[in-house]
Amino acid sequence: MISPGSSGSWQPVSDGPFAGWLNWTDDPFEILTGLFYFKTEDDGKVRGVFVPEGKHLNCHGFVHGGALLTFVDAMAGSLINLTMNGQQAVTVSLNSEFIGICATNAPVHAIGCVIRATGSLVFVQGQLEQNEQPILTFSLIMKKVTPIQNDLTSKRNELPGFV
């Protein structure tokens, strides 16, 4: 496990319903689509949560599958980072099974774990739940990476739309 601030931009949440959880503040897309919160349990599993809003809905009034998959992708990267000493990773493969509908009336919870890690790949599995009912199962293969610094990443705060 790593502590907040030891890799990337983990920020502890100090108030509200997710006080004590962590928020990754270094990914513009996750900021736009989230907010997502994470914590490591005593058993080593990582939990995630987000509260769906109107911006997450599809035309039928349910949470859009793309919003859930964005959360799954953030969850996988976060659990690798939190349980593998700050390791960062990108998605190679994401498989999911939608097994329930998701509304905006309650938080969506995720739990996941690393199934296996090799020299360059990490295998992750988990599940999303709402109101203690499963809504999606997932498995991912993630590629370990070392972040690069380039003109775009160093100047992203200056880019239009970056929060």
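Residues numbered from 1 in each chain as written. Predicted model: local features only at pLDDT ≥ 70, side-chain atom pairs only at ≥ 80, totals over all residues. Heavy atoms only, no water.

Asks: Just give me the short version of the overall build of the protein, but keep the residues and values in it.
Replies: Helices and strands together make up the secondary structure of the protein, namely 3 helices and 8 strands. Going from the N terminus to the C terminus, the protein shows its helices and strands as β-β-α-β-β-α-β-β-β-β-α. Expressed as a percentage of its 163 residues, the buried residues of the protein come to 33%. For the protein, contacts bridging at least 24 residues in sequence account for 57% of all contacts bridging at least 6. Here the protein has roughly 8,900 Å² of accessible surface; of this, 52% comes from carbon and sulfur atoms. (Helix = DSSP H or I, 4+ residues; strand = E, 2+ residues; numbered from the N terminus. Buried < 20%, exposed > 50% of the residue type's maximum accessible area, 1.4 Å probe, protein only. Contact = heavy atoms within 4.5 Å. Areas by Shrake-Rupley, 256 points an atom, 1.4 Å probe, with all protein chains shown as cover.)

Asks: I'd love a proper account of empty space enclosed by the protein, names of residues and values included.
Replies: If you walk through the whole model with that rule in mind, you get 1 cavity of 30 Å³ or more. In this structure, the largest cavity encloses a volume near 30 Å³. Every residue lining the largest cavity is listed: Asn23, Trp24, Glu30, Leu35, Phe36 and Phe38. For the lining of the largest cavity, the per-class residue count stands at 4 nonpolar, 1 polar and 1 charged. (1 Å grid on protein atoms, 1.4 Å probe; cavity = no way out; pocket = protein on both sides within 12 Å on 5 of 7 lines; lining within 4 Å. Points joined across faces, edges and corners; volume = space filled by probe spheres on them. Nonpolar A, V, L, I, M, F, W, Y, C, P; charged D, E, K, R; others polar.)

Asks: Report on the pattern of salt bridges, specifying residues and quantitative values.
Replies: In this structure the tally under the stated criterion is 1 salt bridge. One salt bridge in this structure joins arginine 47 and glutamate 41, with 3.0 Å as the shortest N-O distance. What makes arginine 47 partly exposed here is its relative accessible area of 32%. Note on glutamate 41: relative accessible area 23%, which makes it partly exposed. (Salt bridge = Lys/Arg side-chain N within 4 Å of Asp/Glu carboxyl O.)

Asks: Tell me about the nonpolar core, and please be specific about residues and values.
Replies: Counting 30 residues, the largest nonpolar core has Phe38, Leu68, Val124 and Leu128 as the members making the most contacts within it. Those elements that provide at least two residues to this core are strand 2 (22–24), strand 4 (46–50), helix 2 (65–83), strand 6 (108–117), strand 7 (121–130) and strand 8 (133–145). The element contributing the most residues to this core is helix 2, with 10 residues. Those residues in contact with phenylalanine 38 that lie beyond four places of it in its chain are Trp10, Trp21, Leu22, Val46, Arg47, Gly48, Phe71, Ala74, Met75, Ser78 and Leu82. Grouped together as the second largest cluster of nonpolar side chains are 5 residues, Phe18, Trp21, Tyr37 and Val49 included. (Core = buried A, V, L, I, M, F, W, Y, C linked by side-chain atoms within 4.5 Å.)

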